[in-house]
Amino acid sequence: MTPVFGSVSISLAAGFSILSIFLLLFYIRNGDYRLFLSARRMAIVVSFLIIIATFILVNELISSNFNIDYVAHHTSLETPTLYKFSALWAGQSGSLLFWLFILSVFSLITIYQNKNRYHKMMPWILVVILVVQLFFLILTTFITNPFEPTKADFEVANGLGLNPLLQNLTMAIHPPILYLGFVGFTIPFAFAFAALMTNESGSLWIRSIRRWSLVAWLALSSGIILGGWWAYQELGWGGYWAWDPVENASFMPWLTGTAFLHSIIIQEKKNMLRLWNMILIMITFLLTIFGTFLTRSGVMSSVHSFTQSPLGPFFLSFVIILLFICAFLIILNLSNLKSEKRIESLTSRESGFLFNNVIFVTLCFAVFWGTIFPVITEAVQGTKITVGAPFFNQVTIPIGLVLLLLTGVGPLLAWRKTSTENFKNNFTLPLIIALCSLIVFLLIGFRGYVVISLMLSVFVTISIFMEFKRGVYSRVKRFNESILTALVTLIKKNRSRYGGYFVHLGIVLMFIGFTGAAFNMKKEFGLAINEQNHLDNVNFKLVKLWPEERSNHFSWIAELLVTADNGNIITSLRPEKRIYFHLDPNPDRRQPHSELDIYSTMQRDIYSVFSSIDTDNNIAFFQIMINPLVRFVWYGSYILVFGTLIAMWPSNRKKLLLS
Amino acid sequence: MSQKYKVILAVVGLSLISTFWILWSSFNPVNEKALVKFISVGEILDSNSNERVRIGGIVADSSIIISPSNRMEVYFDIKEGASKLPVRFVGARPDLFKHGAEVIVEGAFFNGSFNADMLQTKCASRYEGDLRDAASYKLDDINI
Amino acid sequence: MTWISILLFLMFFSFFLFSIWPLLWGEIVNDKESHDLINALERRKSILYREIQYLDNEYYIENINAGDYNSSRTELVSEISEIIDQINLQSSKQGI
């Protein structure tokens, strides 16, 4: 009975959304306010129905109702409750419903926040949200319905269970956070679309759009980083980023979204770049849908992709239709998007932002190009060419370094134009320190991109500190504050700016971490008890090897004693070789899983994978990696999140006006 | 030249250089692993070239032989349709590597066998599987 | 079984009733768009005020020279006065 209720809810939601879209369009034509009020209520009903449907599915998952196909396919009786819950986004139809759920929550927030604002724009904002909802509702109603009953002529005693790779806390929260980011960009897109349709002046809605974009950006960033962290901790190939199509799918909207967050500042302050911003936010939104297409369609072979699904063509046509509508509307309204002012000088903050944008977009293009290259070559030459990580590294590293350079240069430039004395004041110190560091790095023996990357990291860090120093210094001088008070008030008074600098600092740390990957080392070897082998100056000795039977798997555990060359004990590592479903009568259905162990310091990570075991001779085989500076990536990401939170934190507007 | 044109010129120049760089890189890969042809098992058996390629297929039933002297070394056959390709791989095998698994290998054809230095498995079939199997697999069996 | 269906039907029907309710009301005049315009102008004004603050600060720490400072400041001030005029105009239109 209840599953039917779920099905009915999503169908009804689809019906209500169509009705609401019609009413809104009528309202836009004839202005009868009652139509709008009714349509808005319908939009609320649509979101409520979707939320109800989601709760029903969660309830069925937790109570293991295997009469529902989705429940039977993604959980089993022995799945822990937490992962029964996370199974909501483990499969295709469930994740579409979950996507709708997030969008509906966002929709309700938007409606509530703006019930007395943006009266001209609101109808269009709702139309956009409802159209996106309708698209997903159609998919979940007709194509992959999460409430589909199990097609079986027998009693389904147990479900298939959740992949053990996904039974991990990080993996349970990585998709929803990523989805928050993906879905989050729908709202700024809706605002931008509405502004385009109503020719509303920028100043008011930009604030809302920026807040929403920041929320989406934070979620997207955290989602991407968590994904990398999970891959590093679980997958056992020793890296956090593989340039897999699905990773790229989340990285592309991140790049354009980041560009948008920068250039929207110019629009808010100077009313410039209006057309550019419109294009950017539309591309970002389209890329989120395109990303879902890449994930869901199976066009690209990838560790993430679900097997062949009928959704590909729907997503692709949705993206293409939206692309045409957006392009058409922008061309139609071109005259409204003209900026009044122009950039006055090449060496101004404005053009700094502009260059930053160009680089972000080309970086996005590079990733896009690499991602679809196989499809292009297949169409043109008939041979499918796969694009490996070396290609992406080759293309993106130089572009990324230019971006890093701009991160340092941009904030040092003055608005409108930078005078010569300005240049001298702001650039001398960072440049000198950067050059000194360059010499040091060369003397250490670093070469190539490593040197450039580290030098630029120093440059950017110094320039960020100078920004803080200058701000604090001026407050100390003007208001006689102590340094600490000055710092706190400085940040409080301009959260977005100084929060942004924290984000930059985080990015610099992450770049240092990425640079460390140039020195990664890897070795594979087998060890019997008390044998040892070494990698670089680290020795690995197998001291213990024993089997253990646990509640849902069987495990071989190896204990490796890790020592330095001088005999000092560094740590001991315990990688495991597990077999899930080890009692399954069919050996091919048992699933091995390597649980790796990492010893991590700021300087380097020692990464051990138990890859296989020869039980006859008691020899264990390991894959050992030494990855320098990986911790910088994680610490950098904490600072990035911290900085974004500062920038997002609601400031008291009344207080600001008084001050 | 006015500042306005300088800005436009710089933006256009920057985008052109980067676009050129991206396109140039896609025809001049820095190493052989950057861009690899994906071909079918039949195609590689017909051709005699030993260029680096990527191949996808199913691990043929009871074809996996782990070398007794070096457990890192494995021999197996990849089948795609009727064609079968013997493969040699040295290195850590992915967890899901087993008979019937869908795998992707990368390497070069040499002396009648394919030397792979990359072995990837696709998603576990268990989770796309038939529920009938699950019906015979009850909770009592796995509680230890 | 049946009473659940009836309950569900009632629930969905009430959703429907809830959403079409405003259509049964009498004519409503929507005069809120001009409020939006004033809000937008107020917002623009506060942004410009902050820009002036920022500019003053840059000048104070000698990050910008006197010529640029003066011209930027005059520009911002004139823009603000324009906006204040517009706000007054809009408010008087509404009779506030």
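Remember, predicted model here, so these are calculated numbers, not experimental data.

Reading the values: rules and limits
Residues numbered from 1 in each chain as written. Chains lettered and ligands numbered in written order. Predicted model: local features only at pLDDT ≥ 70, side-chain atom pairs only at ≥ 80, totals over all residues. Heavy atoms only, no water. Helix = DSSP H or I, 4+ residues; strand = E, 2+ residues; numbered from the N terminus. Rg over C-alpha atoms; globule rule 2.2 N^0.38 Å. Buried < 20%, exposed > 50% of the residue type's maximum accessible area, 1.4 Å probe, protein only. Contact = heavy atoms within 4.5 Å. Areas by Shrake-Rupley, 256 points an atom, 1.4 Å probe, with all protein chains shown as cover. Lys, Arg positive; Asp, Glu negative; His and termini not counted. Charge placed at Lys NZ, Arg CZ, Asp CG, Glu CD. pLDDT = per-residue confidence, 0-100. Domains from an automatic or database assignment. Nonpolar A, V, L, I, M, F, W, Y, C, P; charged D, E, K, R; others polar. Expected span 1.5 Å × (residues − 1). Core = buried A, V, L, I, M, F, W, Y, C linked by side-chain atoms within 4.5 Å.

A closer look at the overall build of chain A
A count of helices and strands for chain A gives 20 helices and eleven strands. For 659 residues, the compact-globule estimate of 2.2 N^0.38 gives 26 Å, and chain A sits close to it at 27 Å. Counting only C-alpha atoms and orienting by the principal axes, one finds that chain A spans roughly 80 × 75 × 60 Å. Looking at the 659 residues of chain A, the share that counts as buried comes to 62%. Within chain A, contacts between residues at least 6 apart in sequence are counted, and of these 70% link residues at least 24 apart. Surface accessibility of chain A: about 25,600 Å² in total, with carbon and sulfur atoms responsible for 65%. For chain A, the separation between the mean place of its 49 positive charges and that of its 34 negative charges on side chains is 20 Å.

Quick word on the confidence of the model for chain B
Residues and elements named next belong to chain B. Chain-level pLDDT for chain B is 77 on average; 83% of the residues reach the 70-or-more range. Model confidence for chain B, summarised as mean pLDDT per element, is weakest for helix α4 (residues 139-142) at 34 and strongest for helix α1 (residues 3-27) at 90. Counted against residues more than four places away or in other chains, residues 124-144, with its pLDDT under 50, gives 55 contacts.

Brief notes about unusual backbone geometry
Residues and elements named next belong to chain A. Look at R416: it is not a glycine, yet its phi comes out positive at around 65°. By secondary structure assignment, the location of R416 is in the loop between α14 (389-409) and α15 (420-444). A residue is classified by how much of its surface remains accessible, and R416, at 16% relative accessible area, is buried. Positive phi is not limited to glycine here, since D536 has a value of about 55°.

Some points on the environment of A:E148
All names here are of chain A. For E148, the position within the fold is in the loop between α6 (122-143) and α7 (169-184). Taking the C-alpha atoms as reference, E148 lies 8.9 Å from V4; in sequence the two are 144 residues apart. Leave out the neighbours within four places in its chain, and E148 touches N67, I68, D69 and Y70.

With respect to the domain arrangement of chain A
All names here are of chain A. For chain A, the domain assignment lists domain 1 (1-167), domain 2 (169-376), domain 3 (389-517 + 636-658) and domain 4 (519-632). Computed from C-alpha coordinates alone, the two centres of domain 1 and domain 2 are separated by 23 Å. The interface is formed by 36 residues belonging to domain 1 together with 39 residues belonging to domain 2. No other element matches helix α5 (residues 92-113), which puts eleven residues into the side of domain 1 that touches domain 2. Taken together, the residues that form the side of domain 1 that touches domain 2 break down as 25 nonpolar, nine polar and two charged.

Here's the deal with helix α13 (residues 349-380) of chain A
Given 3.6 residues per turn, any residue in an α-helix points the same way as the ones three and four places further on. Over its 32 residues, α13(A) extends 43 Å from the first C-alpha to the last, a length consistent with the 46 Å expected when each residue adds 1.5 Å. Within α13(A), 24 of the 32 residues are buried, leaving the element largely enclosed by the surrounding structure.

As for the confidence of the model for chain A
All names here are of chain A. Here chain A shows a mean pLDDT of 88. Residues at 70 or above account for 95%. Note that pLDDT drops below 50 for residues 301-307; the model gives that stretch 19 contacts with residues more than four away or on any other chain. Ignoring residues within four places in sequence, the model shows residues 654-659, a span with pLDDT below 50, making six contacts including any to other chains.

As for the domain arrangement of chain B
Once the domains are mapped, chain B shows domain 1 (1-30) and domain 2 (37-126). Taking the mean C-alpha position of each, domain 1 of chain B and domain 2 of chain B sit 42 Å from one another.

Here we look at the nonpolar core
Membership of the largest hydrophobic core comes to 202 residues, with the highest contact counts inside it found for A:F136, A:F191, A:W254 and A:F315. Ignoring anything within four residues of it in the chain, the contact list for A:F191 reads A:T110, A:N114, A:Y118, A:M121, A:I125, A:W205, A:S208, A:I209 and A:W212. Counting residues in each nonpolar core, the second largest holds 20 residues, with B:I55, B:A101, B:V103 and B:V105 among its members.

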